[in-house]
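What follows is the residue order along each chain.
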Amino acid sequence: MPVDLLNPTAESEKRMHKKKRLVQSPNSFFMDVKCPGCFAITTVFSHAQTIVVCGQCAQILCQPAGGRCHLVEGCNWRRKKE
């Protein structure tokens, strides 16, 4: 099956390495995380390398995991708009 290299599908672009895409773009992003205890919203980097705690109740929101950070159970999140 022939493949069009100038017009790749969105699915194939997402699977490619960030530097091998037709237009380079990072895999990381900022996200709003809602604390399950006090419902305060905190902005967190998706690949955070430190433990992130809530500013109001000091509850742990996410922990580093070598790549993307792992959110604590009960946390809701959404990707920030650019």
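Relevant structure appears above.
Not measured: the values here are computed from a predicted model. (Residues numbered from 1 in each chain as written. Predicted model: local features only at pLDDT ≥ 70, side-chain atom pairs only at ≥ 80, totals over all residues. Heavy atoms only, no water.)

S.K.: Residue-level account of the environment of Glu73, with values.
M.R.: When you line up the elements, Glu73 lands in the loop between strand E5 (70–71) and strand E6 (76–79). Since its relative accessible area comes to 78%, Glu73 is described here as exposed. For Glu73 and Pro36, which are 37 residues apart along the polypeptide, the C-alpha to C-alpha distance reads 8.5 Å. (Helix = DSSP H or I, 4+ residues; strand = E, 2+ residues; numbered from the N terminus. Buried < 20%, exposed > 50% of the residue type's maximum accessible area, 1.4 Å probe, protein only.)

S.K.: Which residues make up the sheet that holds strand E1 (residues 30–34), and what values do they have?
M.R.: Spatial strand order, E2-E1-E6: 3 strands in an open sheet with antiparallel pairing. Every interior strand has two partners, whereas the edge strands, strand E2 (41–45) and E6, have only one. Each adjacent strand pair in this sheet contributes to an overall mean axis angle of 30 degrees, direction not counted. Relative to E6, E1 is paired through 4 bridges, and the arrangement is antiparallel. By the bridge assignment, Asp32 is partnered in E6 with Arg78. (Pairing = 2+ DSSP bridges. Axes fitted to C-alpha atoms, helices over the stretch in contact; angles between N-to-C directions.)

S.K.: Please set out the side chain of Ser46 residue by residue, giving values where relevant.
M.R.: Residue placement: Ser46 occurs in the loop between E2 and strand E3 (52–53). A distance of 2.8 Å separates a polar atom in the side chain of Ser46 from a polar atom in the side chain of His47. In contact with Ser46, other than residues within four places in its own chain, are Ser28, Phe29, Met31, Arg68 and Cys69. (Polar contact = N/O pair within 3.5 Å; in protein donor to acceptor, adjacent residues only side chain to side chain. Contact = heavy atoms within 4.5 Å.)

S.K.: Summarise the pairing of E2; cite the residues concerned and give the values.
M.R.: Consecutive side chains of a regular strand alternate in pointing toward one face of the sheet and then the other. Every second residue of E2 is oriented toward a common face, the buried set being Thr42 and Val44 and the non-buried set Ile41, Thr43 and Phe45. Between E1 and E2, which pair antiparallel one after the other, the connecting turn spans 6 residues, and Phe39 there sits at a positive phi close to 65 degrees.

S.K.: Explain the sheet that holds E5 to me, and be specific about the residues and the numbers.
M.R.: Read across the sheet, 3 strands follow the order E3-E4-E5 without closing on themselves; strand pairing throughout is antiparallel. Each edge of the sheet is formed by a strand with only one pairing partner; in this case those strands are E3 and E5. Bridge count for strand E4 (residues 60–63) against E5 is 2 bridges, and the pairing is antiparallel. Directly across from Gln63, in E5, lies its bridge partner His70.

S.K.: A description of the packing of aromatic side chains should follow, citing residues and the corresponding values.
M.R.: What characterises a pair of aromatic rings is the spacing of the ring centres plus the angle enclosed by the ring planes. With the rule as written, the count across this model stands at 2 aromatic pairs. Ring centres of Phe30 and Phe45 lie 5.2 Å apart, and the angle between their planes is 55 degrees; on these two criteria the pair is classed as tilted. Taken together, the residues span a long stretch of sequence, with Phe30 in strand E1 and Phe45 in strand E2 at a distance of 15 residues. Residue classification places Phe45 among the partly exposed positions, given a relative accessible area of 32%. Positioned above the aromatic ring of Phe29, the side-chain terminus of Arg79 is 4.2 Å from the ring centre. (Phe/Tyr/Trp six-rings, centres within 6.5 Å; stacked < 30°, edge-to-face > 60°. Lys NZ or Arg CZ within 6 Å of the ring centre and 35° of its normal.)

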